[in-house]
Amino acid sequence: MFLKDVIDKFYLDRQKDKEQHHFYITDAGKCSRALFFKFKNVPRKEMDANILRLFDHGDHIHQLIMKPLLSVREIHVVAAEVNIPPQELISGRADAIISDGKNLYVLDIKSMNSMIFSKLIEPKEENVDQIQLYLHYFKIPKGILLYVNKDNQQLKDFMVNYDKKRVFGLLDSLSEVKKRIDNNIIPDRLSDYPSNWQCRYCQFKEICSTAGNGQIEWDDFKKKITLGQNSA
Ligand code: SF4
């Protein structure tokens, strides 16, 4: 019991007050309002320590997958854990850039449970968004999304071709969110709130419901929530 508490605290402390100053590749295609709240460091629902441990477990699975790739002849790992070239808007790190001797591919590894894995017949849209940005910044036309079933280690992979229109759409919408952050305007909710899958897992669900519909001035809303906290 004592050890469980110590380990939980380690994970919970790590997620505290993580202020965000630029976008990550994983933010691509995400709800603008949730991104705004993240940048403004709005208090969010704490994640359970066991979920945070699962993220660490995901990293471990990635290393296991890389092991054979580093040893086989058919594939050459050109670089592992490779950062996109530095620029103002966004940062990110791809799992690897690999080569089959003819072409380069960006490799992005995702792990998931059996239930989600068994239903996967095409790559998840949010993962395609992310790998598209990697392809864009590395100037590599092809990528591979490799999914791992973390319950039994089964694999599925999907080839993704660079889609310039999709990339510019994603970058435009991140620039729009950045403008809202700089101008202190809370963006509107997702059009299919609250049924969108992002709302189900959103750490800002409560504050989003308090804010209500439409775009809102951040300074006014901040006063409202500060008053609410002080009178509680
Ligand atoms: S609850 Fe939904 S609409 Fe509101 S911030 Fe979260 S993801 Fe966005």
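Read on for a plain summary of the structure. (Residues numbered from 1 in each chain as written. Predicted model: local features only at pLDDT ≥ 70, side-chain atom pairs only at ≥ 80, totals over all residues. Heavy atoms only, no water.)

**Here we look at the overall build of the chain**
Put simply, the test is: Elements are defined by DSSP. Helices are runs of H or I of four residues or more, strands are runs of E of two residues or more, and each kind is numbered from the N terminus. Here's how the labels work: a residue is buried when its accessible area is under 20% of the maximum for its type, exposed when over 50%, partly exposed in between, all with a 1.4 Å probe on protein chains only. Between two residues, a contact is recorded if the distance between any of their heavy atoms is within 4.5 Å. The Shrake-Rupley method, run with a 1.4 Å probe sphere, supplies the accessible areas, and residue values consider only the shown protein chains as cover.
Within the chain, the regular secondary structure consists of 9 helices and 9 strands. Over its C-alpha atoms, taken along the principal directions, the chain stretches across nearly 65 × 50 × 35 Å. Here the chain holds 232 residues, and the buried ones make up 41% of them. Taking contacts inside the chain between residues at least 6 apart in sequence as the whole, the part at least 24 apart equals 66%. Approximately 14200 Å² of the chain is accessible, and the part contributed by carbon and sulfur atoms is 54%.

**Let's talk about the site of the ligand**
Stated precisely, the cut-off is as follows: Here a residue is near a molecule or strand as soon as one of its heavy atoms is found within 4 Å of it. Lys, Arg, Asp and Glu make up the charged group, whereas Ala, Val, Leu, Ile, Met, Phe, Trp, Tyr, Cys and Pro make up the nonpolar group; the residues left over, Gly among them, are polar.
Around the ligand, the neighbouring residues are Cys31, Ala34, Arg189, Leu190, Tyr193, Gln198, Cys199, Cys202, Lys205 and Cys208. Within the shell around the ligand, the residues separate by chemical class into 7 nonpolar, 1 polar and 2 charged.

**Regarding the pairing of strand β6 (residues 142-149)**
Here is the rule we go by: Any two strands are treated as partners once DSSP identifies two or more bridges connecting them.
In terms of burial, β6 is a largely internal element, 7 of the 8 residues being buried. As paired elements, β6 and strand β7 (residues 155-161) share 7 bridges and run antiparallel to each other. Across the sheet, residue Gly143 finds its bridge partner in β7, namely Val160. Between β6 and the antiparallel strand that follows it, β7, lie 5 residues; Gln153 among them carries a positive phi value of about 70°.

**Re the packing of aromatic side chains**
For the record, the criterion: Two rings from Phe, Tyr or Trp (for Trp, the six-membered ring) form a pair when their centres are within 6.5 Å of each other. A pair whose planes differ by under 30 degrees is stacked, one over 60 is edge-to-face, and the rest are tilted.
For the structure shown, the criterion picks out 7 aromatic pairs. With a centroid separation of 6.2 Å and 75° between ring planes, the pair formed by Phe36 and Phe37 is classed as edge-to-face. The buried category is assigned to Phe36, whose relative accessible area is 0%. Phe37 sits in the buried class, given a relative accessible area of 1%. An angle of 15° between the planes, with centres 6.3 Å apart, marks the rings of Tyr134 and Phe138 as stacked. Taken as a pair, Tyr134 and Phe138 lie in helix α5 (residues 125-138) at a separation of 4 residues, close to a single helical turn.

**So, the sheet that holds β6**
Quick reminder of the rule: Think of each axis as a best-fit line through the C-alpha atoms, taken over the contacting stretch in the case of a helix, with angles from 0 to 180 degrees between the N-to-C directions.
One open sheet holds the 5 strands; their spatial order is β2-β4-β5-β6-β7, and the pairing between them is mixed. Two strands close off the open sheet at either side, each with one partner strand: β2 (76-83) and β7. Across the sheet, the axes of successive neighbouring strands diverge by a mean angle of 25°, strand direction being ignored. Sheet analysis places strand β4 (residues 93-99) next to strand β5 (residues 104-112), joined by 4 bridges and oriented antiparallel. Pairing of Ala96 across the sheet is with Leu107, part of β5. Helix-sheet contacts for α5 involve β2, β4, β5, β6 and β7, and the interaxial angle to β5 is about 155°.

Just distances and angles here, no functional claims.
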